[in-house]
Amino acid sequence: MRETITRDMVANPKTHYGDAKAATRHFMTQRITGLINIVFLGFLLFIIVRLGGQDRADMVGVIGNPLIGLPFAVLIAVVAVHMRNGMRDTLEDYVHGRMFSLAMLLNTLFCLLVAVAAIGAIAKLVFWG
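First, a word on scope: everything that follows refers to the structure included in this document. (Residues numbered from 1 in each chain as written. Predicted model: local features only at pLDDT ≥ 70, side-chain atom pairs only at ≥ 80, totals over all residues. Heavy atoms only, no water.)

Quick look at the nonpolar core
In terms of nonpolar packing, the biggest core is built from 14 residues, with Phe43, Ile47, Leu51, Ile63, Ile68, Phe72 and Ile122 touching the most fellow members. Listed by contribution, the elements that provide at least two residues to this core are helix H2 (20-51), helix H3 (56-63), helix H4 (66-94) and helix H5 (98-128). In contact with Ile47, not counting residues within four places along its chain, are Ile68 and Phe72. (Core = buried A, V, L, I, M, F, W, Y, C linked by side-chain atoms within 4.5 Å. Buried < 20%, exposed > 50% of the residue type's maximum accessible area, 1.4 Å probe, protein only. Helix = DSSP H or I, 4+ residues; strand = E, 2+ residues; numbered from the N terminus. Contact = heavy atoms within 4.5 Å.)

Below, the structure written as structure tokens:
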């Protein structure tokens, strides 16, 4: 069973709790995906402005272009990873014990479902029109 983290443990700089490598990986992943999201923001704005007021045929034509659709699919994947990590931070603060494991499983499945559905839709437009 897990040891309860007390105020004294947190105050003592020699106390180690949690997985340091996993925490560092999570921290770096969150920052890198955030940076990639900022870089892709211009691309996303281009798509939104380009498709504003257009009909479905124009949308299929723009997103069906591999130079637009494939980077858009990468953007969806990066956003899904960033979303999973962001929700993990919130769940770590408010959910504990076995409920945390269940909540993280549901969080991961939801993010995966959103990414697969969106990337599948974009792949259909790019490869099959």
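Quick look at the environment of Asp55
With respect to the helices, strands and loops of the structure, Asp55 is situated in the loop between H2 and H3. We classify Asp55 as partly exposed; its relative accessible area is 46%. As a C-alpha pair, Asp55 and Lys21 span 34 residues in sequence and 48 Å in three-dimensional space.

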